[in-house]
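Residue-level listing of the chains:
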Amino acid sequence: MSMSIVESINRDPSFSLIEHRTEAEAGIEWCYMHQNPRPGYRPCFSEPLLVELRECQRQIAARMANEPASNGEIRHLVLASKADVFNLGGDLELFSRLIRTGDRARLLAYAQLCVSVAFHFARLADDRVHSVAVVQGDALGGGFEAALCCHTIIAEEGTGMGFPEVLFDLFPGMGAYTFLSRRVTPAQAERMMLDGNIYSSEELYRMGVVDMLVPRGEGLQAARELVRRRRRMGNALRSLNTVRATCNPVSLDELMSVTATWVDAAMRLSERGLQNMERLVRAQKRRVGDVPDLRQVV
């Protein structure tokens, strides 16, 4: 007798900023960022959030290591958000503090943690996991990078994604070029990294960046339905993961090298750039839960 959906869901109680659920029968690992946000919480990639995401990935990989790899089954890892945005990106408040105090080592450690999380969404357990980003609210900077590192992006209508880093004279260095240039041409990827525009999910779907565009409120159900349709093609999906890794390999060394360049660029930021970054932090704090118009901030 098979378990009910409720019975098959195991919730991991060890996290405070993410909610991790394992739905064994469906073959889904649900990972929600920004669990129970406290008043004033900024839904960005804080160090504690990154640590919890990486630990969640480790737990999934460890559990799969004890399962037979010889069958054709594949697990789906769904990345979503409990907040009304997907993710606002890097912790700009931390960035400005580390840059002003000249703490390059700490900034590099943060950046390396970011790309480690991104890499393992792309290559968790080699070919045995297919990652799905469900973007139900805006995804900016590192938030957009987090969606891009997943194999499939499901976005709800009316959401925005883009790289605002150029507005304070920086570039997105946690995987943007590596992952975006696999969905559009390298030239287009560079334009998107430097134009500071926030693209609508509708535009990104037409460009081929977003894989599925769904009405508001239907992202999670679309992910579940996608997994259901793919249950009978696990072997094909595993093989496609291997082909993707062969033809368009994602290298952790490459990501680490790029992020080291990002750290060097961050440490060179001018006073004007830092002030623009800090204005954006203040705007985020004033409007938690509502993504500010970035062009009005800077």
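Just above sits the structure.
Values in this document were obtained by computation on a predicted structure and should not be read as measured data.

Let us look at the nonpolar core. The biggest cluster of nonpolar side chains holds 72 residues, and the ones touching the most others in it are Leu 53, Leu 79, Phe 86 and Trp 262. Counting residues per element, this core draws most heavily on helix H3 (residues 104-123), which supplies eleven residues. Not counting the four nearest positions on each side in its chain, Leu 53 is found in contact with Ile 18, Cys 31, Met 33, Phe 45, Leu 79, Val 117 and Phe 121. Of all hydrophobic cores here, the second largest spans 15 residues; its members include Ala 26, Trp 30, Ala 223 and Val 227.

For the structure on display, the rule yields zero disulfides. Looking at Cys 56, it has no disulfide partner, and the nearest cysteine sulfur is the one in Cys 31, 4.2 Å off. Exposure remark for Cys 56: the relative accessible area of 1% places this residue in the buried category. Looking at Cys 150, it has no disulfide partner, and the nearest cysteine sulfur is the one in Cys 149, 4.5 Å off. When its relative accessible area of 3% is taken as the criterion, Cys 150 is described as buried.

Let's shift gears to the pattern of salt bridges. Taken as a whole, this structure holds 18 salt bridges when the rule is applied. With a shortest N-O distance of 2.7 Å, Glu 47 and Arg 106 are connected by a salt bridge. You can see Glu 47 sitting in helix H1 (residues 47-65) and its partner Arg 106 sitting in helix H3, a full 59 residues away along the chain. Judged by its relative accessible area of 22%, Glu 47 falls in the partly exposed class. Overall, the relative accessible area of 33% leaves Arg 106 in the partly exposed class. A salt bridge links Arg 75 to Glu 67, with the shortest nitrogen-to-oxygen separation between them at 2.8 Å. Connected via shared salt-bridge partners are Glu 29, Arg 63, Glu 67 and Arg 75.

Before going further, it helps to spend a moment on the sheet that holds strand E6 (residues 139-140). Strand order in the open sheet made by the three strands is E6-E8-E9, with mixed pairing throughout. Single-partner strands in this sheet number two, and they are E6 and strand E9 (198-200). Note: strand E8 (residues 160-162) against E9, three bridges, orientation antiparallel. Looking at E9, one finds that Gly 162 is bridged to Ile 198.

Turning to the packing of H1 against H3, a few remarks are in order. Contact pair H1 / H3: the axes reach a minimum separation of 10 Å and the direction vectors enclose 35°. You can see that H1 and H3 cross each other, and the crossing is left-handed. Contacts from Glu 47, Leu 50, Val 51, Leu 53, Arg 54 and Gln 57 of H1 reach H3 at Arg 106, Tyr 110, Leu 113, Cys 114, Ser 116, Val 117, His 120 and Phe 121.

All right, on to the packing of aromatic side chains then. On inspection of all chains with the given rule, the structure shows four aromatic pairs. With 6.3 Å between their ring centres and 10° between their planes, Trp 30 and Tyr 32 make a pair best called stacked. The residues Trp 30 and Tyr 32 share a single accessibility class, namely buried. Ring centres of Phe 95 and Trp 262 lie 5.1 Å apart, and the angle between their planes is 65°; on these two criteria the pair is classed as edge-to-face. Separated by 167 residues along the polypeptide, Phe 95 in helix H2 (residues 92-100) and Trp 262 in helix H10 (residues 252-267) bring together distant segments of the chain.

Rules of the game
- Residues numbered from 1 in each chain as written.
- Predicted model: local features only at pLDDT ≥ 70, side-chain atom pairs only at ≥ 80, totals over all residues.
- Heavy atoms only, no water.
- Core = buried A, V, L, I, M, F, W, Y, C linked by side-chain atoms within 4.5 Å.
- Buried < 20%, exposed > 50% of the residue type's maximum accessible area, 1.4 Å probe, protein only.
- Helix = DSSP H or I, 4+ residues; strand = E, 2+ residues; numbered from the N terminus.
- Contact = heavy atoms within 4.5 Å.
- Disulfide = S-S within 2.5 Å.
- Salt bridge = Lys/Arg side-chain N within 4 Å of Asp/Glu carboxyl O.
- Pairing = 2+ DSSP bridges.
- Axes fitted to C-alpha atoms, helices over the stretch in contact; angles between N-to-C directions.
- Left-handed = near helix turned anticlockwise from the far one by under 90°.
- Phe/Tyr/Trp six-rings, centres within 6.5 Å; stacked < 30°, edge-to-face > 60°.

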